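Observations on the three-dimensional arrangement
Residue-level listing of the chains:
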Amino acid sequence: MADYDLAVRGGQVATGFGTVRCDIGVKDGRIVALAERIADAARVIEAGGLLVLPGGVDSHCHIEEPQPGGGANEESFATASAAAFAGGTTSVVCFIPQWKGHGVWDRYVDYRARAAKGMLDHSFHQIISDPTDAVMDDEVPRVVAEGVRSLKVFLTYEPLHLSDAQYLRVLTKARELGCLVTVHCENYDAINWRTAELLKHGMTAPKYHAWARPPVVEREATHRAIALAELVDQPIQVFHVSCAEAAEEIARAQARGVKVWGETCPQYVALTAADMDRPGFEGAKFMCSPAPRSQEEHARIWEMIRRGTLDVISSDHCAFSYEGDKGKRQNGADAVFRDIPNGIPGFAARLPVIFSEGVSKGRITLDDFVRLTSTNPARLMGLAPRKGMIAVGADADLALWDPRKKVTITNALMQHAIDYTPYEGLEVTGWPVATIRRGDVVMRDGKVQAEPGTGRFLPRAPYDLIRPRGVVPDGFDPAPPAGR
Ligand code: URP
Ligand code: ZN
Ligand code: ZN
């Protein structure tokens with residue numbers, strides 16, 4: 001009987017805090033040894049000339065979210081798993097929906113069952129769109145007790161957005177329960193007003209999506225989201241930061257010691273508002289919220305990443321095909337931008353685009369890349385040290401990476417269920433050649449080989465960043481934050 005089930009030999013192991021040449025020994029799905037030489041293994045993968053990265057952790061992605069009228073969005077857990085593995089990602093945190101007028105417990109039960117059919121290890125954020133007494137005092141605590149340790153709120157979008165009063169209610173409940181709150185920050189009323197004005201003037205094309213939601217609407221909502229979180233002393237993560245104006249709000253708050261983290265996504269360093277002005281109706285393929293900005297803004301986002309203000313890069317994979325009944329093109333009817341579904345596919349592209357635009361082009365280091373795409377999301381989501389790092393005791397989730405390989409992105413390479421990729425034709429340097437999830441090779445040379453139903457639910461513990469100071473039962477602490 002061999003000492004190890006698997007040995008990954010001869011690779012450059014990227015820890016996020018330096019790179020070392022060593023072998024990795026795996027037993028029962030976990031890393032049990034890091035050594036100069038591991039000889040006695042049942043299976044050996046030679047990784048000479050390759051980087052060995054911790055498997056990617058994508059802490060913001062939308063998969064198979066059930067819709068109020070029945071059905072679910074296009075990407076199933078099985079197809080999403082294939083796409084994630086194709087791109088070197090092994091764990092995800094995705095979203096249990098709440099629809100207005102409905103509870104959350106039944107959705108949680110349903111979503112757990114859906115996720116169990118995939119191959120990815122997974123955890124959830126619980127969306128709160130209707131924080132009624134019954135939901136907040138009865139159902140949310142039950143879902144949280146299952147290990148769902150983050151609540152997600154939208155400050156825009158019909159019918160999901162919360163008023164400030166509702167957002168405060170979610171913050172206080174999250175503090176009481178030991179959860180992180182993740183926030184979509186754009187100003188709902190401002191966007192509605194701009195949209196109405198644009199449509200009144202016949203400006204209906206996809207490119208006006210960006211005109212309807214300029215950086216100031218993101219900056220304002222980011223400021224407000226942070227200020228209210230500061231009032232409650234509740235940690236938040238600001239999702240998908242697209243512009244320096246919003247990132248500066250985060251940086252200022254961080255400098256004051258406020259518990260706020262910032263996430264960005266590949267689309268905010270690789271796509272622009274000009275993409276939404278492509279001929280015909282093609283621009284719809286690039287529509288997501290916040291809107292992609294400009295090359296100048298990309299440079300500012302990279303700067304905010306280097307400074308550490310933005311410390312997580314997720315995909316915000318939220319996929320709608322271009323064609324089809326529910327597709328972006330709305331069956332050729334050339335829909336008004338307001339009615340085009342928001343979101344783009346990005347699972348498989350996330351790591352290659354960030355590695356290429358970031359590491360290969362000298363904007364960030366390899367260590368930065370590992371932390372931004374794996375270690376930091378795992379830590380913030382409470383999944384580390386099991387996920388997001390190459391260390392003895394961690395799950396053997398690895399991406400074997402060829403840093404020199406040049407690939408032109410095509411939709412077929414993305415392996416998702418969607419009929420396009422916004423990165424079609426982009427040449428990247430750096431590509432995953434194998435993905436290993438808990439010691440199993442789930443992707444090799446682009447071929448995904450994993451059994452549906454093998455993904456595991458990852459329950460999370462309460463946030464230790466939340467240290468209640470004599471919190472009264474409803475979560476409201478009347479004392480002002482220390483020293484203020
Ligand atoms: O356009 C986007 N980002 N769609 C996904 C939902 C969200 O806002 O995260
Ligand atoms: Zn969002
Ligand atoms: Zn999202």
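Residues numbered from 1 in each chain as written. Chains lettered and ligands numbered in written order. Predicted model: local features only at pLDDT ≥ 70, side-chain atom pairs only at ≥ 80, totals over all residues. Heavy atoms only, no water.

In the annotation of an unreviewed UniProt entry, the entry for the chain reads D-hydantoinase, and the organism field reads Neoroseomonas soli. Under Cofactor (unreviewed entry), UniProt gives the following word-for-word description of the chain: "Zn(2+)". Its UniProt record, at the heading Function (unreviewed entry), says of the chain: "Catalyzes the stereospecific hydrolysis of the cyclic amide bond of D-hydantoin derivatives." (UniProt positions renumbered as here; feature names shortened; annotations may be inferred.)

**Looking at the overall build of the chain**
When helices and strands are counted, the chain shows 13 helices and 19 strands. Taken over the C-alpha trace, the chain has a radius of gyration of 22 Å; the compact-globule value for 484 residues is 23 Å, and the two agree within 12%. For the chain, the spread of C-alpha atoms along the three principal axes comes to 70 × 60 × 45 Å. Within the chain, buried positions represent 60% of all 484 residues. For the chain, long-range pairs separated by at least 24 residues make up 76% of all intrachain contacts whose partners lie at least 6 apart in sequence. Total accessible area computed for the chain in this model is approximately 17,900 Å², and 52% of it derives from carbon and sulfur atoms. In the chain, the 55 positive side-chain charges and the 62 negative ones have mean positions that sit 2 Å from each other. (Helix = DSSP H or I, 4+ residues; strand = E, 2+ residues; numbered from the N terminus. Rg over C-alpha atoms; globule rule 2.2 N^0.38 Å. Buried < 20%, exposed > 50% of the residue type's maximum accessible area, 1.4 Å probe, protein only. Contact = heavy atoms within 4.5 Å. Areas by Shrake-Rupley, 256 points an atom, 1.4 Å probe, with all protein chains shown as cover. Lys, Arg positive; Asp, Glu negative; His and termini not counted. Charge placed at Lys NZ, Arg CZ, Asp CG, Glu CD.)

**Description of the UniProt feature "domain: Amidohydrolase-related" (unreviewed entry) in the chain**
Under the UniProt annotation, the feature "domain: Amidohydrolase-related" (unreviewed entry) is placed at residues 51-442. Counted over residues 51-442, helix gives 36% and strand 18%. Its end C-alpha atoms are 17 Å apart.

**Points about the layout of surface pockets**
By volume, the largest pocket amounts to about 1,300 Å³. What lines the largest pocket is a set of 46 residues, among which Y157, E158, L160, P341 and N342 lie closest to the centre. Counting only elements with at least two residues in the lining of the largest pocket, the list comes to strand 11 (150-154) and helix 5 (188-200). Here the lining of the largest pocket gets four residues from one element, more than from any other, and that element is helix 5. For the lining of the largest pocket, a count of residues per class yields 20 nonpolar, 15 polar and 11 charged. (1 Å grid on protein atoms, 1.4 Å probe; cavity = no way out; pocket = protein on both sides within 12 Å on 5 of 7 lines; lining within 4 Å. Points joined across faces, edges and corners; volume = space filled by probe spheres on them. Nonpolar A, V, L, I, M, F, W, Y, C, P; charged D, E, K, R; others polar.)

**Some points on the coordination of the zinc ion (ligand 3)**
Coordination of the zinc ion (ligand 3) by the protein is provided by H60 (NE2), H62 (NE2) and D316 (OD), with metal-donor distances spanning 2.0 to 2.1 Å. Geometry at the zinc ion (ligand 3) is tetrahedral, judged from its four donor atoms and the angles of 87 to 120 degrees they form at the metal. Between consecutive donor residues of the zinc ion (ligand 3), the sequence gaps follow H-x1-H-x253-D. Between the zinc ion (ligand 3) and the zinc ion (ligand 2), a spacing of 3.9 Å is present. In this structure, H60 and H62 share a single accessibility class: buried. (Donors = N, O, S within 2.8 Å, 3.2 Å for Na, K, Ca; no water. Tetrahedral: all angles 85-135°; square planar, octahedral: opposite > 155°, others 65-115°.)

**A few points about the sheet that holds strand 17 (residues 427-437)**
Reading across the sheet, the seven strands line up as 3-2-7-16-17-18-19 and stay open at both edges, with mixed pairing between neighbours. Here the strands that pair on one side only, and so sit at the sheet edges, are strand 3 (19-21) and strand 19 (447-448). Two elements, strand 17 and strand 18 (residues 440-444), share four bridges in a ladder whose sense is antiparallel. The residue of strand 18 that forms the bridge with A434 is R444. Helix 11 (residues 350-360) rests against strand 7 (51-54), strand 16 (398-408) and strand 17 of the sheet, and its axis sits at about 130 degrees to strand 17. Here helix 12 (residues 366-380) sits on the sheet in contact with strand 2 (12-14), strand 3 and strand 7, set at roughly 30 degrees to strand 7. (Pairing = 2+ DSSP bridges. Axes fitted to C-alpha atoms, helices over the stretch in contact; angles between N-to-C directions.)

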